[in-house]
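# Summary of the model geometry
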Number of protein chains: 2
Amino acid sequence: MLVTFLAEQRQVLSAVAPECSEMVDAVSDLLSVGKRLRPAFCYWGARGGGRDGDDALVRAAVGLELFQAAALIHDDVMDDSDTRRGMPAVHRRFAAQHHERGRLGDGERYGLAGAVLTGDLCLAWSGQLFSTSGLDAPALDRARPMFDRMRTELMAGQFLDMLGQSDPHDLDADEAIERARRVIRYKSAKYTIEHPLMIGGLLAGADETLLAAYSEFGLDAGEAFQLRDDLLGVFGDPSHTGKPAGDDLREGKRTVLIACARRSATAAEARTISRLLGDPGLDAAGVAELQAIIRRTEAPLEVEQMIADLTKAAHQALASARMDDVARGVLSDLVTAATTRAR
Amino acid sequence: MLVTFLAEQRQVLSAVAPECSEMVDAVSDLLSVGKRLRPAFCYWGARGGGRDGDDALVRAAVGLELFQAAALIHDDVMDDSDTRRGMPAVHRRFAAQHHERGRLGDGERYGLAGAVLTGDLCLAWSGQLFSTSGLDAPALDRARPMFDRMRTELMAGQFLDMLGQSDPHDLDADEAIERARRVIRYKSAKYTIEHPLMIGGLLAGADETLLAAYSEFGLDAGEAFQLRDDLLGVFGDPSHTGKPAGDDLREGKRTVLIACARRSATAAEARTISRLLGDPGLDAAGVAELQAIIRRTEAPLEVEQMIADLTKAAHQALASARMDDVARGVLSDLVTAATTRAR
């Protein structure tokens, strides 16, 4: 489905000029190794609401993977990240091409422009797949407000994340945790699980009760998913995560993990966190120093407990929902996979 | 219409966090001074095909203005432009806020992130306005493939423009002119006039003959529009264009104007062009030197002649089309305004 769609878009782009297909190459490579979580939650959300899993549903669901691609490509531009999924980030890929081919001018700027445009394409294509999925108009009309809300709220969540990274270091600890959880909700929990699931449910014409259960399940599971991501961003094995060790520390992400660590840190530890967090030149020794402080505060245990509590609540919401049992089983497995993963 | 839509989106964003409405402020300010060309061509394209000018049509047409906003915001990020429409470019606006509020970290990166996200919002909202315009489903189904093509082809055109800026300086002169015209077609002519007009025609259910006339008219007029833009980018009065003098020269844009100048330049002049074009630090004296060379080659006269020929052909295509006469008159006036403007 995705392969066919990208082949069609390659034709449209190549008709303008053969070089334009380099943008499709970048998207294909990026999507070759994703977890496809968002399409899966959308698809099984619809199945759970009693809809058949036909090609039209798959096509609409796949649109969410392109939305995710847009978010990742632009996120890496904004954070100036080097790698994604074990490959060079898209802006780095284009910058490398600029260098290899001996093109004139600033290679970094060339890379940035290529990635902004490729992300824009993915964002446009996401809407295109959704609208031209072949789903009946009443189903699309039901789901579209959630699709639109997903896009706007993700940008809001990303904006909050960006604001957070430039917040002063001396925020009140509880306030910092509350802000970090709000960022998680909007930039990750909602758009990874809640919104795709609700879109699926709305496509299926699910009733208010099931939609409410989906929302509860999706938010809890989504927050647990992102808390796992935050732990991996600090302690993950680069060979599994596909990102350099300590990348989140270098970028200065104000995660719940960091906020918890600050709350339990000594004054000296807190000063070290403020000094090192968000330092783009942070080396391996600095990463290790921050990791040791975070471990010492037992913040990772706190976050593991949050993940356990949220996952339990999510499974309970799912267990009591009136829905298709096969879909219930798959959704339950998906959440287990998303919250216990190592990458 | 646009004001109402932006007010709705402000509510969605403010519900996430009040600060997120800063993105709407940036969009509102940018859109407060536009020429609204694309919505006008869409609207009058539909009227020309016999459709009533109801609210639903206006809403779909206004979606094109948000698409334009997305393109401008991201274009300024890619070119690292300082100003747009006489105001700071959106990334500069956010960078200035970072500075004024004493936020932590890199203000330029903060500005870039804010502008990438604001552009993404505009791109998403453009599709949202189109899809939720209230137009009947058959009309939307007819026009959607052109709407989708417009988005993909614009990104292709922008990609070509970016490639062009890093092309070697010693391209064959005729080849350079051909490439520059291709960039114009895709990054400007099609999406400024041809695509909006065709979208309008398709919404109205216009027949193949009228659509063919629209396409011919739109491409010719659109190319003339962009050639005027290129002249203004080198010789325009900053107090009218809202952009610094010589901005296109500093960015190294490979316009038709530049390609024509190179073709008629002496060897010494050609070396000067290669040396100065695309120099980000180009000062007023450098701009004046390039302007003098371009004038000496009489390239501006060549381009004026192209504009005259294209405009004439466009008016002829319009004159012989079978369409509503009021719409014909307005479209004719719009093209005159777009190709003779000083800003």
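It should be noted that the structure appears before, not after, this text.
Below is a summary of the structure that appears in this document. These numbers come from a predicted model, not from an experiment.

### Quick look at the interface of chain B and chain A
Counting residues at the interface gives 54 residues for chain B and 54 residues for chain A. Roughly 4900 Å² of surface becomes buried between chain B and chain A when both sides are summed, with 70% attributable to carbon and sulfur atoms. The largest share of the area that chain B buries against chain A comes from V16(B), M78(B) and F159(B), three residues that together contribute 13% of it. Taken together, the links from chain B to chain A amount to four salt bridges. Notably, a salt bridge pairs R103(B) with D167(A), separated by 2.7 Å at the nearest N-O pair.

### Re the relation of the copies chain B and chain A
Applying a rotation about an axis and a shift along it to one chain copy brings it onto the other copy. By a simple turn and slide, chain B fits onto chain A: the slide is 0.0 Å along the axis, the RMSD is 0.0 Å, and the turn is 180°. Expressed as a symmetry operation, the mapping of one chain copy onto the other fits a two-fold axis.

### Focus: the pattern of salt bridges
This model, assessed by the stated rule, comprises 58 salt bridges over all chains. One salt bridge in this structure joins D82(B) and R92(B), with 2.6 Å as the shortest N-O distance. Placement of the pair is D82(B) in the loop between α4 (55–79) and β1 (83–84) and R92(B) in helix α5 (residues 90–100), with a sequence separation of 10 residues. Ionic pairing is found between R179(B) and E175(B), a salt bridge with its closest N-O pair at 2.9 Å. Of this pair, R179(B) and E175(B) both sit in helix α8 (residues 173–204), four residues apart, roughly one helical turn. Owing to a relative accessible area of 35%, E175(B) belongs among the partly exposed residues under this scheme. Several salt bridges share partner residues, and in doing so they unite D79(A), D161(A), K187(A), E251(A) and K253(A) into one network.

Cut-offs applied
All chains use their own residue numbering, which begins from 1 and follows the written sequence. The naming scheme follows written order: chains are lettered A onward, ligands numbered 1 onward. Only residues with pLDDT of 70 or above have their local features reported here, since the model is predicted, and side-chain atom pairs are shown and tallied only from 80 upward, although totals for entire chains, interfaces and linings are computed over all residues. Note: side-chain values were computed over all heavy atoms of the structure, leaving out hydrogens and water. When checking whether two residues touch, look at their non-hydrogen atoms; a contact exists if any pair is within 4.5 Å. Two parts placed together each lose some accessible area under a 1.4 Å probe, and the buried area is that loss summed for both. By salt bridge we mean one thing: a side-chain nitrogen of Lys or Arg within 4 Å of a carboxyl oxygen of Asp or Glu. C-alpha atoms of residues with pLDDT of at least 70 in both copies form the basis for the least-squares superposition of the copies. Secondary structure follows DSSP: runs of H or I at least 4 residues long count as helices, runs of E at least 2 residues long count as strands, and numbering of each begins at the N terminus. Whether a residue is buried, partly exposed or exposed follows from its accessible area with a 1.4 Å probe, protein chains only, as a fraction of its type maximum: under 20%, in between, or over 50%, in that order.

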